[in-house]
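So the chains spell out like this:
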Amino acid sequence: MDSIQVIILALIQGLTEFLPISSSAHLILPAQLLGWEDQGLSFDVAVNTGSLLAVVLYFRHELLTMAKAWITSLVKRRLCDESKLAWWIILATLPAVFFGFAAKDFIATHLRSAGVIAVTTVVFGLLLWWADKMSRHELSEYQSGWKKALMIGFAQAMALIPGTSRSGATMTAALMLGLTREAAARFSFLMSVPVSLGAAMLVGKDLAESGQAIDYHAMSLGILVSFVAAYACIHYFLKIISRMGMMPFVLYRLALGALLCGFIFL
């Protein structure tokens, strides 16, 4: 890939990873619509690593506090709000781990297409609108509880289907369960850490076993651009979500779905 292509794909990854519009869909689309060659495993590792570093840095204080509280809960059998949230995040990760291993090959073979993305983009966009409209918007992430966390975890597992959006699915479920928009976003972002770390490790393992040549320039540039874009996206999304709601993202998903249908059927 040339540098312009690397920058465009890394920006797409960084800007869409934490917005409810599906980063995987947007990374697939250039190859589907513009005839670009697949970016390959090494680039996937790079841009996902950049996004992971961004969310870890942004929530470094929360993550450190949760980690300390979680260790204390193991050693001293004493729970607090932070340790409970850590346990809920771990619990919410399990469905994605299970279904990721079980359905990985099927998804890669049968579901990475513009047609599937068009359908999931529209359907889950409408679900996001309905959840935002019907939510009580009352609970913080610390009030979610293990049952709600597990249900949000199953929603995250559904996002293995391209076009669904991991953040979109988890925020939709959280809103349905009564969380505020800000709490739904924060819970979704914190959930992304173990999932992104696990995905990076798995893809890195596949990359090592594949013997694929690594373009270190493209990887370095991809990590940097994805990191900056993802960090800015998290920061501004959390600042404006209470005022703007989910409707702009719903409208974007509907427009993208219509555009994809036009490319497929016209």
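Since the model is a prediction, treat every value here as computed from it, not as a measurement.

A. A look at the overall build of the protein. Within the protein one finds 11 helices and 0 strands. The order of helices and strands in the protein, counted from the N terminus, is α-α-α-α-α-α-α-α-α-α-α. Here the C-alpha radius of gyration of the protein, 18 Å, is about what a compact globule of 266 residues would show, namely 18 Å. With respect to the three principal axes, the spread of C-alpha positions in the protein is 55 × 40 × 35 Å. Burial analysis of the protein (266 residues in total) assigns 46% to the buried set. Pairs at least 24 residues apart make up 82% of the contacts formed inside the protein by residues separated by at least 6 positions. For the protein, the accessible area works out to roughly 13000 Å², and carbon and sulfur atoms hold 68% of it.

B. Inspection of the nonpolar core at higher detail. Of all hydrophobic cores here, the largest spans 44 residues; its most connected members are V55, F187, F189, F237, M246 and F249. Looking at this core, the elements that each hand over two or more residues are α3 (41–58), α5 (81–110), α6 (114–134), α7 (145–158), α8 (166–176), α9 (181–210), α10 (216–244) and α11 (247–265). A total of 8 residues in this core trace back to one element, the largest contributor, which is α9. The contact partners of V55, leaving out residues within four places of it in the chain, are F18, L63, F189, S192, V193 and I234. Listed in part, the 10 residues of the second largest apolar core include I12, F43, V47 and A218.

C. Up close: the packing of aromatic side chains. Taken as a whole and assessed by the stated rule, the structure comprises 10 aromatic pairs. The interplanar angle of 85 degrees and the centroid separation of 5.4 Å between the aromatic rings of F18 and F189 together place this pair among those described as edge-to-face. A residue pair is termed long-range when its members are at least 10 positions apart, and F18 in the loop between α1 (3–16) and α2 (23–34) and F189 in helix α9 qualify at 171 residues. Each of the two residues, F18 as well as F189, counts as buried. Taken together, the ring pairs in this structure connect F18, Y58, F59, F189, F227, Y231, F237 and F249 into an aromatic cluster.

D. Up close: the packing of α9 against α10. The N-to-C vectors of α9 and α10 enclose an angle of 155 degrees; their axes lie 8 Å apart at closest approach. Judged on the interaxial angle alone, α10 and α9 are roughly antiparallel. Contacts between α9 and α10 involve R181, E182, A185, R186 and F189 on the former and, on the latter, I234, F237, L238, I241 and S242. Classifying every residue of the contact of α9 with α10 gives 6 nonpolar, 1 polar and 3 charged.

E. Molecular detail of the side chain of T180. Mapped onto the fold, T180 is located in the loop between α8 and α9. The buried category is assigned to T180, whose relative accessible area is 18%.

F. Summary view of α9. With 30 residues, α9 extends 41 Å between its outermost C-alpha atoms, agreeing within 8% with the 44 Å of an ideal straight helix rising 1.5 Å per residue. For α9, the principal kink sits at V193 and spans about 30 degrees; a proline, P194, occurs within the next four residues. Just downstream of α9, G211 is the residue with a positive phi angle, here 70 degrees.

G. Up close: unusual backbone geometry. Positive phi outside glycine occurs at H137, with the angle close to 55 degrees. When you line up the elements, H137 lands in the loop between α6 and α7. On the basis of relative accessible area, H137 is assigned to the partly exposed category, the value being 27%. In this model, S165 sits at a positive phi of 85 degrees, which is unusual for a non-glycine residue. Tracing the backbone shows S165 in the loop between α7 and α8.

H. Here's a closer look at the environment of K148. Relative to the helices and strands, K148 is located in helix α7. As for K148 and D105, which are separated by 43 residues in sequence, their C-alpha atoms are 29 Å apart. Setting aside residues up to four positions removed in sequence, K148 forms contacts with L139 and L177.

Definitions and limits used
- Residues numbered from 1 in each chain as written.
- Predicted model: local features only at pLDDT ≥ 70, side-chain atom pairs only at ≥ 80, totals over all residues.
- Heavy atoms only, no water.
- Helix = DSSP H or I, 4+ residues; strand = E, 2+ residues; numbered from the N terminus.
- Rg over C-alpha atoms; globule rule 2.2 N^0.38 Å.
- Buried < 20%, exposed > 50% of the residue type's maximum accessible area, 1.4 Å probe, protein only.
- Contact = heavy atoms within 4.5 Å.
- Areas by Shrake-Rupley, 256 points an atom, 1.4 Å probe, with all protein chains shown as cover.
- Core = buried A, V, L, I, M, F, W, Y, C linked by side-chain atoms within 4.5 Å.
- Phe/Tyr/Trp six-rings, centres within 6.5 Å; stacked < 30°, edge-to-face > 60°.
- Axes fitted to C-alpha atoms, helices over the stretch in contact; angles between N-to-C directions.
- Parallel < 35°, antiparallel > 145°, perpendicular 65-115°, else oblique.
- Nonpolar A, V, L, I, M, F, W, Y, C, P; charged D, E, K, R; others polar.
- Expected span 1.5 Å × (residues − 1).
- Bend = angle between axes of the 7 residues up to and from the residue.

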